Amino acid sequence: MKMIPNSLGRLIPDEIDGKKLKPFQGAHAGHGGGRKAGSPIRASVDYRDKLRASLDEVIDACEIKDGMTISFHHHLRNGDYLINMVVDKLAERGLKDLVLAPSALFPVHEPIVNHIKNGLITHIEGSMNGPIGRACSLGKMRKACTLRSHGGRYRAIQDGDLHIDVAFIAAPNADSFGNANGLDGPGACGPISFALADSLYADRVVVVTDNLQPFPVHPWVIRGGNVDHVVEIDKLGDPEKIVSGTTRITKSPTRLLIAEYVARFIDDIGIMEEPGFSFQAGAGGISLAFIQFLAEIMREKGLKAPFARGGSTKYLVDLMNEGLIGYILDGQAFDQVGVASLRDNPRHIETDPFTSYNYHTKGNFAPLVKAAVLGATEVDLEFNVNVNTHSDGWLLHGIGGFTDATDAHITMITAPLVRSRLPIIVDSVTTVTTPGETVDVIFTERGIAVNPRRADLLDRLKGSSLPIMSIEELRKIAIGMTGEPEKPEFEDRVVALIEWRDGTIIDCVRQLKV
Amino acid sequence: MSETKEIFVGRSEQKSDLYIRMKKKTSGGIALEMKSSVGAMFGSSIRRTLEETLKALGISDIEIDVDDRGALEYVIQARVEAGIRRLYDVKEPGCLPERKVGVTEPVRDRLRRTRLYLPGNNPDLMMNAGLFGADCVILDLEDSVAPAEKDAARVLVRNSLLSVGFGTTERIVRINPLSTEYGAADIEMVVPAGPDTILIPKCDTADDVKAVEKLIAEAEKKAGIKHKTLLMPLIETAKGSLHAYEIGAASDRIVALCFGAEDFTADIGVERTREGTESFVARSLIVLGAKAAGVQAIDTVFSDVSDEEGLIASTREAMAMGFEGKGVIHPRQIGPIYKVFAPTPERIEYALKVVDAIEEARSKGSGVATIRSKMIDAPIEKRARKILRLAEALGLLGGKKEKKE
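Residues numbered from 1 in each chain as written. Chains lettered and ligands numbered in written order. Predicted model: local features only at pLDDT ≥ 70, side-chain atom pairs only at ≥ 80, totals over all residues. Heavy atoms only, no water.

Take the overall build of chain B next. A count of helical and extended segments in chain B gives 14 helices and 14 strands. Scaling as 2.2 N^0.38, a compact globule of 405 residues should have a C-alpha radius of gyration of about 22 Å, and chain B matches this with 24 Å. Referenced to the eigenvectors of the C-alpha coordinate spread, the extents of chain B come out at roughly 85 × 50 × 45 Å. Scored against the burial criterion, the 405 residues of chain B give a buried share of 55%. (Helix = DSSP H or I, 4+ residues; strand = E, 2+ residues; numbered from the N terminus. Rg over C-alpha atoms; globule rule 2.2 N^0.38 Å. Buried < 20%, exposed > 50% of the residue type's maximum accessible area, 1.4 Å probe, protein only.)

Looking now at unusual backbone geometry. A cis amide bond links A:His218 with the next residue in sequence, A:Pro219, at an omega value of 0°. Locating A:Pro219 in the fold gives a position in the loop between β14 (212-213) and β15 (229-232). The peptide bond linking B:Glu92 to B:Pro93 adopts the cis configuration, its omega dihedral lying at 5°. Position of B:Pro93 relative to the elements: it lies in the loop between α2 (73-87) and β5 (114-119). Its identity is not glycine, yet A:Glu63 carries a phi of approximately 50°, on the positive side. Tracing the backbone through its elements, the reader meets A:Glu63 in the loop between α1 (55-62) and β6 (69-72). What makes A:Glu63 partly exposed here is its relative accessible area of 45%. Despite not being glycine, A:Phe383 has its phi angle at roughly 70°, a positive value. Tracing the backbone through its elements, the reader meets A:Phe383 in the loop between β21 (378-380) and β22 (385-386).

Residues and elements named next belong to chain A. In spatial order, the strands read β12-β11-β14; together these three strands make up an open sheet with mixed pairing. This sheet does not close on itself; its edge strands, each paired only once, are β12 (180-181) and β14. Pairing geometry for strand β11 (residues 173-175) and β12, over two bridges, is antiparallel. Looking at the pairing, Asn173 lines up with Asn181 of β12. (Pairing = 2+ DSSP bridges.)

Residue and element names in this part refer to chain A. The domain boundaries assigned to chain A delineate domain 1 (50-242) and domain 2 (253-488). Contacts between the two partners involve 34 residues from domain 1 and, on the opposite side, 28 residues from domain 2. Of all residues in domain 1, the largest losses of buried area upon contact with domain 2 belong to His150, Leu183 and Pro191, amounting jointly to 20% of the total for that side. Linking domain 1 with domain 2 are one salt bridge, by the criterion used here. For Asp184, the salt bridge identified is with Arg343, shortest N-O distance 3.7 Å. At the boundary of domain 1 and domain 2, one finds 15 residue pairs in polar contact (both at pLDDT 80 or more). Secondary structure elements with two or more residues in the side of domain 1 that touches domain 2: α4 (130-137) and α5 (150-159). (Domains from an automatic or database assignment. Contact = heavy atoms within 4.5 Å. Buried area = accessible area lost by both parts, 1.4 Å probe. Salt bridge = Lys/Arg side-chain N within 4 Å of Asp/Glu carboxyl O. Polar contact = N/O pair within 3.5 Å; in protein donor to acceptor, adjacent residues only side chain to side chain.)

Looking now at the nonpolar core. Residues A:Ile64, A:Phe168, A:Phe265, A:Ile266, A:Phe279 and A:Phe290 are the most contacted members of the largest nonpolar core, which totals 249 residues. In terms of residue count, helix α9 (residues 285-301) of chain A provides more of this core than any other element does, 10 residues in total. Counting 16 residues, the second largest nonpolar core, distinct from the first, contains B:Leu352, B:Ala357, B:Ala361 and B:Leu388. (Core = buried A, V, L, I, M, F, W, Y, C linked by side-chain atoms within 4.5 Å.)

This part covers the interface of chain B and chain A. Taken together, the contacts link 23 residues of chain B with 21 residues of chain A. Buried surface at the junction of chain B and chain A, both sides included, amounts to about 1900 Å², of which 56% is carbon and sulfur. For chain B, the biggest contributors to the area lost against chain A are B:Met41, B:Phe42 and B:Leu131; these three give 32% of the whole. Inspection of the chain B/chain A interface yields zero salt bridges. It is helix α1 (residues 39-56) of chain B that contributes the most residues to the side of chain B that touches chain A, seven residues altogether.

One pass over the structure, following the stated rule, counts 10 aromatic pairs over all chains. On the basis of an interplanar angle of 85° and a centroid distance of 5.6 Å, the ring pair of A:Phe24 and A:Trp500 is categorised as edge-to-face. Of this pair, A:Phe24 sits in the loop between β4 (19-20) and β5 (51-52) while A:Trp500 sits in the loop between β30 (490-499) and β31 (505-512), placing them 476 residues apart in sequence. Here A:Trp500 falls in the buried class, since its relative accessible area comes to 1%. Aromatic pair B:Phe8 and B:Tyr19: ring centres 5.8 Å apart, planes at 20°, arrangement stacked. Taken as a pair, B:Phe8 in strand β1 (residues 6-10) and B:Tyr19 in strand β2 (residues 18-24) lie far apart in primary sequence, 11 residues in all. What makes B:Phe8 partly exposed here is its relative accessible area of 38%. Taking the relative accessible area as the measure of exposure, B:Tyr19 reaches 29% and is therefore partly exposed. Three or more aromatic residues joined by ring pairs form one cluster here, namely A:Phe277, A:Phe279 and A:Phe290. Against the face of A:Phe177 rests A:Lys50, its NZ or CZ located 4.3 Å from the ring centre. The lysine or arginine in question, A:Arg309, covers the ring of A:Tyr357, its NZ or CZ lying 4.8 Å from the ring centre. (Phe/Tyr/Trp six-rings, centres within 6.5 Å; stacked < 30°, edge-to-face > 60°. Lys NZ or Arg CZ within 6 Å of the ring centre and 35° of its normal.)

What follows concerns the sheet that holds strand β17 (residues 305-309) of chain A. Residue and element names in this part refer to chain A. Taken in spatial order, the nine strands line up as β19-β18-β17-β16-β20-β23-β27-β28-β29 in an open sheet, and their pairing is mixed. With partners counted over all chains shown, the strands left at the sheet margins are β19 (348-350) and β29 (468-469), one partner each. Pairing between strand β20 (residues 371-375) and strand β23 (residues 410-414): five bridges, direction parallel. Looking at the pairing, Val373 lines up with Met412 of β23.

Spelled out as structure tokens, the structure:
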């Protein structure tokens, strides 16, 4: 295999499985070009009755053949029944060489591993974690997988890099015309916009619901005019696992300390008082705690954020209801309160990856976010961040919205400096998910490192009592505690590609030597 | 015990710890089986640590199975040593880890608003304990350690005193009472590692303090430690409360008297309440005894971590009674306690004026300082300096620094 270096010096295949690859050239080096993909032109006369009696009937109608690509969204998270259900049915039909294109997979989807082994699925385009990531690391997939961010997945579908033959869209709330959202029904999950690209660009689009309602279901997040078939099944998933009843703030004193540092940092650099202050925080332990600390400062100083970027939780919703946040722009709801707020509060707005994250657009709002608080598995001395593989080389996580969110004015990475002997700061990350040029500050319990590229931030931090230090110093502290780690050993074979937002390849993951 | 004795040491499936099975052998060298959650990065390093520790302890034949969950080097050493001590007589001082923390003379006169309790057998909590701003940490060998693990905790605490940076936090070790089989051994192993202070539980009389002091002095002499390790008697019985003053005055090493509510309520045969009415008199006696002996008084822990309001109320009451600190069982209790102990801006302003007036008077050679023709006597000066010290610790002084005496 011919390997070529990209602009970070990472070696990537020139070509893989017959597909020519484009090496990464810089976070914002891409300027588009070409024309978007399209779906087949259909006539409404043929769509007077879209309702099918069963999933089997739908699969028949879609004429699925060997080698096709089928897609799913992951809004039902670890409660999802649909992916396993459909894949099992395809296996029963003796199909083979299918490509699975989910926006993410969860531990509940572990049975997919068997379908990879038995030849039903050749590889995965999109995202994977846990057991499926492990299978990929062990070289179980016949072709190399591609990992993309949420925005990157939208772009790949839109640009025609990822052609979907059949999209299955789990819809907690739908009508027989195909209008759908995730706001009601037993499987209510909040947004379902990760499926927007699938609904616009797939050859065939199936809406699967367990809550068929009379026309019109509104808001029509998925528009009926894009939908081929609608089918009602018994149960889309396990409501308890789709959203949690409550999200809890971490009790870990170390994580709380890191969260407090982030809030104090934002206060110290004085951006909260500036117009358009906004932030992004997910459902991770540190992020949730950060929201609480930030809210305290906002209350004390009488400040307000015009908007915050979800995933939404009770904590974010409470802040909006208290008047500290003007709008929540939401891609995923993580708890019941988030779902109810999206349904009932007009200032809680569902956003899709096109609007929020897609690089090949005439603008997305990721750069309008002032402070994005994100997690990581490794950071290196160049500020490159890895969220995909662990230091032992296993591919265990998808990218999620990570690389898209790094377009924020300040990208903040939070992580304990040492986790069970593993130092978070390494000489060189196992896998580059996002380049150092997009990463501004690293927060740990023992110190905070600002990327030297951000002289403006260092300037604003003068007089701050926070433990600001160089990333080399942080590394030294970590290694002083843990000792110098060895590197895992890999085979030559490339098992996954890490795709940058613009479709270029920033790094690749190799098969683990075990 | 026969030669086939098998022992287990460490905590099974706990992060930052390891679990070891060991069995005596008389020949055949070291039979080591190992798995580790961080094996890909630290496998050979862990193996080296295991082998070197066994060698340092003089062991050349043993069967040893290790299940590691990311333990740091000093923890691995502590667990191996504790295991070997269960099987063999070990030549003292055993296998000391690389000293990463220098020996420093303990500071008598310092803030002790918060003392964070850490179970002595849990390495995962020790690693970051110095980061949360507590004035003191207590590495506990007493109530938070099960009898069967006292020996293992003792080695772990010794190793963490040598290896873990707790910053400027005062490092206190709570030993077991001398009336138990563990107390004397705790002192013998821990004091040479240089803790700042020893917390003596269940002090009933001055003799309890003196007995501990004697063993500490012997251990210091043996280890060549020049300074005096400080003492903090913990009073947790009716008898101890009634002897508060003589306990406080029993040794010049004593820096504070502490109250322990759990054992006290058990001792007098009542339930512990949120209001603490049952211990009000005992706590008052401890404050009075401490003040009479010229040492600090420190209140018990507030045990409901999620009840911040209750913690604040309890701390306010403690401060009003004359206590200068509280025990803490979770780092999140630290912030609220500091808020209560923080002096008001008016008091800081006044304290600054007092100190300025005194410095000015002294520079002019006058023994008497006044503010608005009111004389400042020694107690006022003392209180003012204490307030400024507190304010400085809390970062409330801004540019205004306390001038040194």
